[in-house]
Amino acid sequence: MAIFSALWPMPSAYVYHLAFDNMYGLPQSNSPLHLTGIMATSFYTSIEDIEKIHKRAHSAYRSGKLKSIAYRKEQIAQVGYLLQDNEQRFVDALKLDLGRPHLETILYDFAVTYTEIREAYDNIEKWTKTQKPAFNIKFFAMKPQMRAEPKGVLLAIAPFNAPVYMLLTPLVGAIAGGNAAVLKPSEQVPETAKLMAELVPKYLDRDLFHVINGGIPETTRVLELQWDHILYTGNGRVARIISTAAAKHLTPVTLELGGKNPVVIDPRCDVQMAARRVLWGRCCNAGQICLAPEYVLVPASFQDKFVEALKEVHKSFYPNGAKNSDSYARIISEAQANRLKKLLDSTKGKIVFGGEVDAPQRYVAPTVVRDVRPEDPLMEDELFGPILMIIPVKDVDEAIAIINTKDHPLAVYAFSSDKAFLKKVFDNTESGAAVANETLISAGVPGLPMGGIGASGHGYYTGKHMFEEFTHLRIAIDNPSWVDKIAFGFRFPPYGPTAVKDALRALSTSLPPRSSKTKEASVVTRWGFWLIVLLASGTSIVLTGSGQDFVKQLKV
């Protein structure tokens, strides 16, 4: 527990719930619906078993079983059938854990996971194929090549908001790369965590792949152990704890941390489309998605029109109110709902619609707040809830300036049909994704990496980029003896008089051409040099005896 107490001087039990049970820094809920799963800790992994699992996974990895590409493909396919055979059980578990509609579970957990499984299965031979660098006359005889090799045992610590996707997708990447893996589900979703612990050993290799469930003692023990790579999805504060633990073992870490994702509106855009896609992105999973749009930057003169469009869209989404809709999820805990209520109570903006909070039921209504200032309490941290802020700005330059005062987000969204407008927004901001005329779905596009920059994280966990994240390139050469006789014999002592010349001939290469400015500067420098030489020569002649005689003759 030293990792936590060193950073946060508070009781360790509270620290853990603050840090891991709740990835956005809140104490545990007291709601009976949520507490039922959290208090039933009988499915937690024992402390004694954690080290055994760690040793077993490393031993299985060293056995070389996953060197077989055929066996990797078999295990990848089994991940797919683990999900397919138990889809309804996962739907039911996520309904209990998150109050999530069936369709949203398909969108955020099932569809994207199946896509990752298929892509890895179909491309693993290509990804693992030995690669050769570009031909080089000086080194071709050494047969240089490189190959993606596994790192070892992966630890994946998943969040509550996409618990299937954020466990099974990294698992697929780990298997494709030839790694063993240990999965740590969030105990915020106990039904899903229990189901995962039951199914993984039924469908996958029991020695290579494991699930660890637990609270503070269990997770603390997990982080004390040495892993070969750690993937964590959550927030920046907890990421620092994970990174501190990993640094003790020099373990590489992949972080996906979200952030406050802005939307920039061009008043010339299709306002109905923009309102529909923005509000959809904000309300999916009750706003608990790392890629969800957080705030909208709109010209002050266009704010009324955009707000009216949002009102129309909201009414079409939830004609009988979101609370009565089977198309709207719930907040993960009562404490989270209370936090969002406090933020709404403190805002200086004007609530257009929504604002209702029923904390015991974990319900926060879809809410739009207009006339929000950049320094408003709602703008301080990532909300992770269904509250959309509208910030009026003078123009796109002010919008860009506001974005750049914040940490780099996971995504910057912009709505416009003008390519120049989009280019200006994206060229002058930084984020993991630059998305035009859409929200959220970029994470599900095959072939595109998912990841952030700076405070929104680093590294990738989808497709080939995930495979590369969980492997390392091992290079190889095989240099025949005759090479020393032809080209590389100069390197051996004693160094002869021609060693330097031979080394330069064998190893150096020509530099790229100078830029035009450099050339001009070089020419000016050369002319300046010769002018100085000329002046110096003339001065020396005048000051010498012959020069003085010449001057006297001129006077005569």
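Structure: above.
The structure displayed is predicted, hence computed values, not measured ones. All residue numbers here refer to positions counted from 1 along the written sequence of the relevant chain. In view of the model being predicted, local features appear only for residues whose pLDDT reaches at least 70, and side-chain atom pairs are presented and counted only at 80 or more, with totals across whole chains, interfaces and linings using the full set of residues. Processing note: side-chain calculations cover all non-hydrogen atoms of the structure and skip hydrogens and water entirely.

Peer 1: Honestly, the pattern of salt bridges in this entry has me stumped. Any pointers?
Peer 2: Note that side chains of opposite charge can pair when their charged atoms are close. Salt bridges are defined as contacts in which a side-chain nitrogen from Lys or Arg sits within 4 Å of a carboxyl oxygen from Asp or Glu. Counted under the stated rule, the structure contains 30 salt bridges. Ionic pairing is found between Arg268 and Asp418, a salt bridge with its closest N-O pair at 3.0 Å. Linking Arg268 in the loop between β7 (261-265) and α12 (271-283) with Asp418 in the loop between β14 (411-415) and α16 (419-427), this pair joins segments that are 150 residues apart in sequence. Overall, Arg268 belongs to the exposed group, its relative accessible area being 53%. Each helix is a run of H or I in the DSSP string that is no shorter than four residues. Each strand is a run of E no shorter than two, and both are numbered from the N terminus. Residue exposure (1.4 Å probe, protein chains only): buried if accessible area is under 20% of the type maximum, exposed if over 50%, otherwise partly exposed.

Peer 1: Help me out: how do you make sense of the sheet that holds strand β3 (residues 180-184) in this one?
Peer 2: Whenever strands of a sheet pair, they do so through backbone hydrogen bonds, lying parallel or antiparallel. Whether two strands pair depends on DSSP finding at least two bridges between them. The strand order β4-β3-β2-β5-β6-β16 describes an open sheet built from 6 strands, whose pairing is mixed. Edge positions in the open sheet fall to β4 (209-211) and β16 (457-458), since each of these has one partner strand only.

Peer 1: Just to check I follow, could you spell out the environment of Tyr232 for this structure?
Peer 2: Structurally, the position occupied by Tyr232 is in strand β5 (residues 229-233). For the pair Tyr232 and Val253, spaced 21 residues apart in the sequence, the C-alpha separation amounts to 7.6 Å. In the analysis that follows, any N or O atom pair within 3.5 Å is treated as a polar contact, provided that within protein one partner can donate a hydrogen and the other can accept it, and provided that, for residues neighboring in sequence, both atoms belong to side chains. A polar atom in the side chain of Tyr232 sits 3.3 Å from the backbone nitrogen of Asn235.

Peer 1: Whenever I open this one, unusual backbone geometry confuses me. Can you help?
Peer 2: With the exception of glycine, most residues fall at negative phi, and the peptide bonds are largely trans. Residue Pro494 follows Pro493 across a cis peptide bond; omega there is -5 degrees. Of note, Pro494 is situated in the loop between α18 (482-488) and α19 (499-507). Its identity is not glycine, yet Ala286 carries a phi of approximately 55 degrees, on the positive side. Structurally, the position occupied by Ala286 is in the loop between α12 and β8 (293-299).

Peer 1: Quick question: what am I supposed to make of the packing of helix α5 (residues 69-84) against helix α8 (residues 165-176) here?
Peer 2: Helix packing geometry: the angle between the two helix axes and the distance between the axes. Simply put, an axis is a line fit to the C-alpha atoms, just over the touching stretch for a helix, and the angle between two N-to-C directions goes from 0 to 180 degrees. Their axes nearest at 9 Å, the elements α5 and α8 cross at an angle of 165 degrees. Considering the angle they form, α5 stands roughly antiparallel to α8. Here the hand of the crossing between α5 and α8 comes out right-handed. Across the interface between the two elements, Arg72, Gln75, Ile76, Val79, Leu82 and Leu83 from α5 touch Leu168, Leu171, Val172, Ile175 and Ala176 from α8. Gly falls in the polar group here, along with every residue not listed as nonpolar (Ala, Val, Leu, Ile, Met, Phe, Trp, Tyr, Cys, Pro) or charged (Asp, Glu, Lys, Arg). For the contact of α5 with α8, a count of residues per class yields 9 nonpolar, 1 polar and 1 charged. Here the word oblique covers every angle except those under 35 degrees (roughly parallel), over 145 (roughly antiparallel) and from 65 to 115 (roughly perpendicular). By convention the crossing between two helices is left-handed if the near helix lies anticlockwise of the far one by an angle smaller than a right angle, and right-handed if it lies clockwise. For this analysis, residues touch if any pair of their heavy atoms sits within 4.5 Å.

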